[in-house]
Amino acid sequence: MDKLLIEGGTPLAGEIAISGAKNAALPILCASLLSSEPLHLTNVPRLKDISTMLRLLEQMGVAVEDLGADGLVLNSRGLNNPLAPYDMVKTMRASILVLGPLLARHGEARVSLPGGCAIGARPVEQHIKGLQAMGAEVFVEHGYIQARARGKGGLTGARIVTDMVTVTGTENLMMAAVLAKGETIIENAAREPEVVDLANCLVSMGAQIAGAGTARIRIQGVERLHGARHAIMADRIETGTYLCAAAATGGNIRLTNTAAANLDAVIDKLFDSGCELLIERTAITLQAPPRLKAVSIRTSPYPAFPTDMQAQFMAVNCVAEGSAVIRETIFENRFMHAVELIRLGADIKIDASNAMVTGVDHLDGATVMATDLRASASLVIAGLVAQGETVIERIYHLDRGYERIEEKLGQLGARVKRIR
């Protein structure tokens, strides 16, 4: 497996462009299953998870044309195999997102229970419950979700109330509902910007959706969707990660092709830590202070502080002045990076879902192991700060969510090298 070698101690400086959002691109790729006409997508990030999803769609009969800098064209006219096998989806949680579109257009689906990062339980019951409310027969057998629409009429609209806020659940049900007969209302819907981006893409394909970005989404089913062109939104988590890296290293960077509007909670915490930020329409500039101030955070669903930025902010607090409490409320097993940060000299004490972080004068380079995608990013930030060399093992997690990370960091002056 590849490793990342980081020579720490250099403040980040310069300008880079942010890539398209992985968490928006994955459901939108699945939306191509809903129409027999081409879907042209631009600003698609080149990531491991994206290539995995494309292979999955291709084995279902979707034709994928790579236009290079002009994006991808997906055509599911030849859709013929509504199966998502275990060997293709075991590393990627987002594979569950083919369930709703397949059921809506093909009338049946067989999808392996998904894998992904080992950060805690992410049950699919909410997906199943919503599809059953829309008239589908769904059961789990031999590790697969098997679903079919009852009779020849397909899915029917329903009022769906989820027991918990779930982003992929909201996206799956929204995609299923756009071709269902009648009206579907999703209560307690996820409000994340990626949900809104998916809704915008579906509307451009002819769907009728209102309320995306609120807790109540209303969908009026249509008979068919047509082709469209859509640009994937900027990755707010990649944006936040580079901002945290600049803050921790005492740097001064400018990020383009992004927007602060989707990062209010993170921006506010960076202000609280002492950073100066200049917000433009499609760019963000950050200047770090001589010494950061420790800032407490509590993760919650959007628009509160995102769980996907918790690990990166823990790394920032490791070298900040004072102590801060980080409370994780979304996933029960998302402090695995703390043990690796301690190997670098961090002062962190874990108590159930709370972490007490006391800033230290410096971190020391060491060999550490990435346990999940965002944990990997926190170790990169810590390695950029640490004195000496840091080696990060199992960086395939990074390749799932950060496009050309060593190249972008190099553009900002970091001394980072991939060891193959």
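Data block above holds the structure.
Since this is a predicted model, take the numbers as computed values, not measurements.

Asks: In this structure, what is going on with the overall build of the chain? I would like to understand it.
Replies: Scanning the chain from terminus to terminus reveals 14 helices and 24 strands. When its C-alpha atoms are laid out on the principal axes, the chain stretches across 65 × 45 × 40 Å. Out of the 420 residues belonging to the chain, those deemed buried represent 58%. In the chain, the proportion of contacts linking residues at least 24 apart, taken out of those at least 6 apart, comes to 74%. A total of about 15,800 Å² of accessible surface is found on the chain, and carbon and sulfur atoms cover 49% of it. On the chain, the mean spot of the 42 positive side-chain charges and the mean spot of the 45 negative ones are 4 Å from each other.

Asks: How should the side chain of Glu187 be read in this particular structure?
Replies: With respect to the element layout, Glu187 can be found in strand 11 (residues 183–187). Within the structure, the side chain of Glu187 is placed 3.4 Å from the side chain of Arg159, a separation counted as a polar contact. In this structure, Glu187 is in contact with Arg159, Ile160, Val161, Thr162, Ala215 and Arg216, ignoring residues within four places of it in sequence.

Asks: How should I be thinking about unusual backbone geometry in this particular structure?
Replies: Keep in mind that most residues, glycine aside, have a negative phi and that most peptide bonds are trans. Looking along the chain, the bond that leaves Tyr302 and enters Pro303 is cis, with omega of 15°. Structurally, the position occupied by Pro303 is in the loop between strand 18 (297–298) and helix 10 (310–318). For Asn43, which is not a glycine, the phi torsion comes out positive at approximately 60°. With respect to the element layout, Asn43 can be found in the loop between strand 3 (39–42) and helix 2 (48–59). The class for Asn43 is partly exposed, based on a relative accessible area of 28%.

Asks: Before we go on, may I ask you to explain the sheet that holds strand 18 in this structure?
Replies: Strands in a sheet are paired, the pairing made by backbone hydrogen bonds, and the direction either parallel or antiparallel. The strand order 18-19-21-20 describes an open sheet built from 4 strands, whose pairing is mixed. Each edge of the open sheet carries a strand with a single partner, namely strand 18 and strand 20 (347–351). One ladder, built from 5 bridges, connects strand 20 with strand 21 (residues 354–358); its direction is antiparallel. Considered in strand 21, the bridge of Lys349 is made with Met356.

Asks: Help me understand empty space enclosed by the protein, please; the structure alone is not making it clear to me.
Replies: Picture a little ball the size of a water molecule; that probe, rolled over the atoms, points out where space is still empty. All chains considered together, the criterion is met by 1 cavity of 30 Å³ or more. What the largest cavity holds in volume is close to 40 Å³. Around the largest cavity sit Thr241, Tyr242, Ala245, Ala377, Val380, Ile381, Leu384, Ile405 and Leu409, which together line it. Elements represented by at least two residues in the lining of the largest cavity include exactly helix 8 (236–249), helix 12 (373–385) and helix 14 (405–411). It is helix 12 that provides the largest number of residues to the lining of the largest cavity, a total of 4 residues. The residue makeup of the lining of the largest cavity, split by class, is 8 nonpolar, 1 polar and no charged.

Asks: Would you take a moment to explain the pairing of strand 8 (residues 136–141) for this structure?
Replies: Consecutive side chains of a regular strand alternate in pointing toward one face of the sheet and then the other. Pairing geometry for strand 8 and strand 9 (residues 144–149), over 6 bridges, is antiparallel. For Phe139, the partnering residue across the bridge sits in strand 9 and is Gln146. Here strand 8 folds back onto strand 9 in antiparallel fashion, the turn holding 2 residues, of which His142 has a positive phi close to 55°.

Asks: Would you take a moment to explain the environment of Ile419 for this structure?
Replies: Relative to the helices and strands, Ile419 is located in strand 24 (residues 415–419). Take Ile419: its relative accessible area is 33%, and that puts it in the partly exposed class. Beyond its immediate chain neighbours, meaning those up to four positions away, Ile419 contacts Met1, Asp2, Lys3 and Leu5.

Asks: Got a minute to help me understand the sheet that holds strand 11 in this structure?
Replies: Spatially, 4 strands are ordered 10-11-13-12 in an open sheet, and the strand pairing comes out mixed. Single-partner strands in this sheet number two, and they are strand 10 (159–161) and strand 12 (208–210). If you compare each strand with its neighbour and ignore which way they point, the axes differ by 15° on average. Both strand 11 and strand 13 (residues 216–220) contribute to a ladder of 5 bridges, which runs antiparallel. Looking at strand 13, one finds that Thr184 is bridged to Ile219.

The rules behind these values
- Residues numbered from 1 in each chain as written.
- Predicted model: local features only at pLDDT ≥ 70, side-chain atom pairs only at ≥ 80, totals over all residues.
- Heavy atoms only, no water.
- Helix = DSSP H or I, 4+ residues; strand = E, 2+ residues; numbered from the N terminus.
- Buried < 20%, exposed > 50% of the residue type's maximum accessible area, 1.4 Å probe, protein only.
- Contact = heavy atoms within 4.5 Å.
- Areas by Shrake-Rupley, 256 points an atom, 1.4 Å probe, with all protein chains shown as cover.
- Lys, Arg positive; Asp, Glu negative; His and termini not counted.
- Charge placed at Lys NZ, Arg CZ, Asp CG, Glu CD.
- Polar contact = N/O pair within 3.5 Å; in protein donor to acceptor, adjacent residues only side chain to side chain.
- Pairing = 2+ DSSP bridges.
- 1 Å grid on protein atoms, 1.4 Å probe; cavity = no way out; pocket = protein on both sides within 12 Å on 5 of 7 lines; lining within 4 Å.
- Points joined across faces, edges and corners; volume = space filled by probe spheres on them.
- Nonpolar A, V, L, I, M, F, W, Y, C, P; charged D, E, K, R; others polar.
- Axes fitted to C-alpha atoms, helices over the stretch in contact; angles between N-to-C directions.

Keep in mind that these numbers describe shape and distance, not what the molecule does.
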